Amino acid sequence: MAANTLITALIDHQPGDAPFLTALGGQALSYDGLRGRVAQAAAELMRRGVEPGDRVMCQIAKSPAGLVLYLASVAAGAVFVPLNTAYTAAELDYFLGDAAPALLILDAPDADARGGVPLVSPGDLLRPGPAAAPVPRQPDDLAAILYTSGTTGRSKGAMLTHENLLSNAIVLTELWRFTADDCLLHALPIFHTHGLFVATNTALLAGASICLLPGFDLDRMAASLPAATAMMGVPTFYTRMLDDPRFTRQSMAHMRLIVSGSSPLLAETHARFAQQTGHAILERYGMTETNMITSNPYDGKRIAGTVGHPLPGVALRLSAPDAQGIGGIEVRGPNVTPGYWRNRDKTAESFTPDGWFITGDLGQIDDQGYLSIVGRAKDLVISGGFNIYPKEVETVIDALPGVAESAVFGVPHPDLGEAVAAAVVLAPGTDLSAETIISALDGTLARFKIPRQVRILAELPRNAMGKVQKQVLRQG
Ligand code: MLC
Ligand code: AMP
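Residues numbered from 1 in each chain as written. Chains lettered and ligands numbered in written order. Predicted model: local features only at pLDDT ≥ 70, side-chain atom pairs only at ≥ 80, totals over all residues. Heavy atoms only, no water.

Next up on the list: the overall build of the protein. In terms of helices and strands, the protein carries 14 helices and 26 strands. By the compact-globule yardstick of 23 Å for 476 residues, the protein fits well, its C-alpha radius of gyration being 22 Å. With the principal axes as the frame, the protein shows a C-alpha extent of 65 × 55 × 50 Å. For the protein, buried positions account for 55% of its 476 residues. Summed over its atoms, the accessible surface of the protein is roughly 19,200 Å², and 53% of this surface lies on carbon and sulfur atoms. In the protein, which carries 37 positive and 46 negative side-chain charges, the distance between the mean positions of the two groups comes to 0 Å. (Helix = DSSP H or I, 4+ residues; strand = E, 2+ residues; numbered from the N terminus. Rg over C-alpha atoms; globule rule 2.2 N^0.38 Å. Buried < 20%, exposed > 50% of the residue type's maximum accessible area, 1.4 Å probe, protein only. Areas by Shrake-Rupley, 256 points an atom, 1.4 Å probe, with all protein chains shown as cover. Lys, Arg positive; Asp, Glu negative; His and termini not counted. Charge placed at Lys NZ, Arg CZ, Asp CG, Glu CD.)

This is how it looks when you write it as structure tokens:
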């Protein structure tokens, strides 16, 4: 079989009858079954004209088909571009224009094409048919593009190579001791780094099985728990589990690993979880552009409020540290993106002249080498693990008739960590209510980006330089 860096590593090595997906009211799938489906779907993609390097865009509900289509796209030599299912039609059109995919996969396409791009459903691609061997690909070839918003308000596509993804999966599998005996409880979405790469690639590389849930749901989590050995989640998963009496020391005694990431896990949540379940959550830190960067140790002390040490092979430094040692986190290694899709300016801005990726996070390293994320240099809200860039929301609010200007910021939220809030100044002589503004955003912005509270103000608080003081707004 021809070498396709990622596919060869991820799905070539497991025994045929080993379980890949375990059944939970759904269908079970062996590794042989997975390989067969991937080879068929790859052949179907090629038959439809997908060529190596072409983008295959996919916006579908989480299901086994989603994992097969990810692997089949990569097997066909294409670049997989998954999209958040919450994105609106307007947002989708932007991604279509930017990525210029050869194909767009939607659950229920209502036309043959959109913006000139052919539409297909997962069923169109997963029909039984001839199989294709993986198209040879090199480590530097792209395997995926993941869109991530930015401070300018326009999403940019982080390019991820076969090597970026594989190097990270190899390190995590080893560090977190994944083996073929593991069963990963998978409740994360599969359109982001966390659920698609950290969880899925790591499990595949280990030959482990996955209990794939359509989303995070406490009843399904409780029902699946007995079969699982490990889980990964965002902090919201763990705060919700803490409020549910089914997640106890007894019901979780057989689990060997609980991982948290994507947004800050409160030290208090870590402590309460340990008390209630006996598990010290292992917190790690990463980013779409860099995959995983640091992790608390598997064997050593997992320190709440820290994200641990740089992963083997990943170099980390703090730029311009202040008197307390707080500096900008910069990263280098085989995990780091070569840059943004067709966006040389953003790529250039995101790296230092000597080639380090600028994360935009602020960190501090203690005397044992544990990194803490102490803030963000970037204006970003992380709500339930989804990133929202205020600039994007402000641009849409500012465009509403009757709005003079706005400022969008994060406020503490017990379930989501942070929730999106907005302060709006109306144009003279207009009278808009908070509710009118919120409902006017519907259909333009994905619902998770829409402010949960809007305050109408006479003016925005500004500092002497004229910069809006979001800290003042946050304090109410
Ligand atoms: C859903 N909603 C959210 C939201 N998720 N609002 C704000 N923030 C969120 N994260 C809104 C919906 O629009 C809807 O609103 C209402 O909440 C109910 O939707 P739901 O789908 O039923 O919500 P729920 O299932 O409770 O989802 C919450 C969640 C989910 C936390 C389980 O958001 C989730 O799975 N988050 C994980 C995100 C993730 O994987 N991040 C990793 C990024 S990778 P309405 O108004 O329509 O009713 C990364 C790198 C790294 O960051 O280091 O990992
Ligand atoms: P994304 O752009 O969606 O990949 O999100 C990456 C950002 O999430 C990082 O730059 C951090 O700001 C944040 N992040 C990821 N993991 C953690 C963590 N464990 N603690 C705090 N912030 C985190």
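The rest of the description comes next.
Okay, the site of ligand 1 next. Around ligand 1 sit 23 residues in total, of which Arg 240, Ser 262, Arg 284, Ser 383 and Arg 447 are the nearest. Interatomic distance of 2.9 Å between a backbone N/O atom of Gly 385 and a nitrogen atom of ligand 1. Arg 447 places a polar side-chain atom, nitrogen or oxygen, 2.4 Å from an oxygen atom of ligand 1. Protein coverage of the free-state accessible area of ligand 1, which is 1,000 Å², stands at 71%. Breaking the shell around ligand 1 down by element, the ones donating at least two residues are helix H7 (193-206), helix H9 (235-242) and strand E14 (282-287). Of the residues belonging to the shell around ligand 1, the class tally is 10 nonpolar, 9 polar and 4 charged. (Near = heavy atom within 4 Å. Polar contact = N/O pair within 3.5 Å; in protein donor to acceptor, adjacent residues only side chain to side chain. Nonpolar A, V, L, I, M, F, W, Y, C, P; charged D, E, K, R; others polar.)

One pass over the full model with this rule turns up 11 aromatic pairs. Ring centres of Tyr 94 and Phe 95 lie 5.5 Å apart, and the angle between their planes is 70°; on these two criteria the pair is classed as edge-to-face. Among the aromatic residues, those joined into a ring-pair cluster are Tyr 87, Tyr 94, Phe 95 and Tyr 147. When the ring centre of Tyr 340 is taken as origin, the NZ or CZ atom of Lys 156, which lies over that ring, is 4.9 Å away. Sitting over the ring of Phe 178, Arg 256 keeps its end group 4.8 Å from the ring centre. (Phe/Tyr/Trp six-rings, centres within 6.5 Å; stacked < 30°, edge-to-face > 60°. Lys NZ or Arg CZ within 6 Å of the ring centre and 35° of its normal.)

Counting along an α-helix, one turn takes 3.6 residues, and residues three or four places apart therefore face a common direction. Between its terminal C-alpha atoms helix H6 (residues 162-175) stretches 20 Å, which fits the 20 Å expected from 14 residues at 1.5 Å a residue. Within H6, 10 of the 14 residues are buried, which leaves it mostly tucked inside the rest of the structure. Listed as buried for H6 are His 162, Asn 164, Leu 165, Leu 166, Ser 167, Asn 168, Ala 169, Val 171, Leu 172 and Thr 173. One or two steps after H6, the chain reaches Arg 177, where phi turns positive at roughly 60°. (Expected span 1.5 Å × (residues − 1).)

Across the two faces of strand E10 (residues 183-186) the burial is the same, with Cys 183 and Leu 185 and Leu 184 and His 186 all buried. Note: E10 against strand E11 (residues 209-212), 4 bridges, orientation parallel. Counterpart to Leu 184 in the pairing with E11 is Ile 210. As for the winding sense of the linkage, the β-α-β connection from E10 through H7 to E11 is right-handed. (Pairing = 2+ DSSP bridges. Right-handed = clockwise from strand over helix to strand, strands pointing away.)

Packing of helix H2 (residues 31-47) against helix H3 (residues 64-75) leaves a shortest axis separation of 8 Å and a crossing angle of 60°. Classified by the angle between their axes, H2 and H3 sit oblique to one another. When the axes of H2 and H3 are compared, the crossing they make is right-handed. Here H2 contributes Leu 34, Arg 37, Val 38, Ala 41, Ala 42 and Leu 45 to the contact with H3, which in turn contributes Val 68, Leu 69, Leu 71, Ala 72, Ser 73 and Ala 75. The class makeup of the residues in the contact of H2 with H3 is 10 nonpolar, 1 polar and 1 charged. (Axes fitted to C-alpha atoms, helices over the stretch in contact; angles between N-to-C directions. Parallel < 35°, antiparallel > 145°, perpendicular 65-115°, else oblique. Left-handed = near helix turned anticlockwise from the far one by under 90°. Contact = heavy atoms within 4.5 Å.)

Here the focus is the site of ligand 2. Among the 16 residues in the neighbourhood of ligand 2, the closest are listed as Arg 284, Thr 288, Asp 361, Lys 378 and Asn 387. Within the backbone of Ser 262, a nitrogen or oxygen atom sits 3.2 Å from a nitrogen atom of ligand 2. Within the side chain of Asp 361, a nitrogen or oxygen atom sits 2.6 Å from an oxygen atom of ligand 2. In isolation ligand 2 exposes 500 Å². Once the protein is present, 93% of that is buried. Here the element with the most residues in the shell around ligand 2 is E14; it accounts for 5 residues.

All right, on to the sheet that holds strand E24 (residues 403-413) then. Strand order in the open sheet made by the 3 strands is E24-E25-E26, with mixed pairing throughout. Two strands close off the open sheet at either side, each with one partner strand: E24 and strand E26 (453-457). Across the sheet, the mean angle from the axis of one strand to that of its neighbour is 25°, orientation sign disregarded. Across the sheet, helix H12 (residues 390-398) touches E24 and strand E25 (417-426), and the angle it forms with E24 is around 145°. Contacting E25 and E26, helix H13 (residues 434-441) crosses the sheet at an angle of about 125° to E26.

Turning next to the state of the cysteines. The full count for this structure, using the stated rule, is 0 disulfides. Looking at Cys 183, it has no disulfide partner, and the nearest cysteine sulfur is the one in Cys 211, 5.5 Å off. (Disulfide = S-S within 2.5 Å.)

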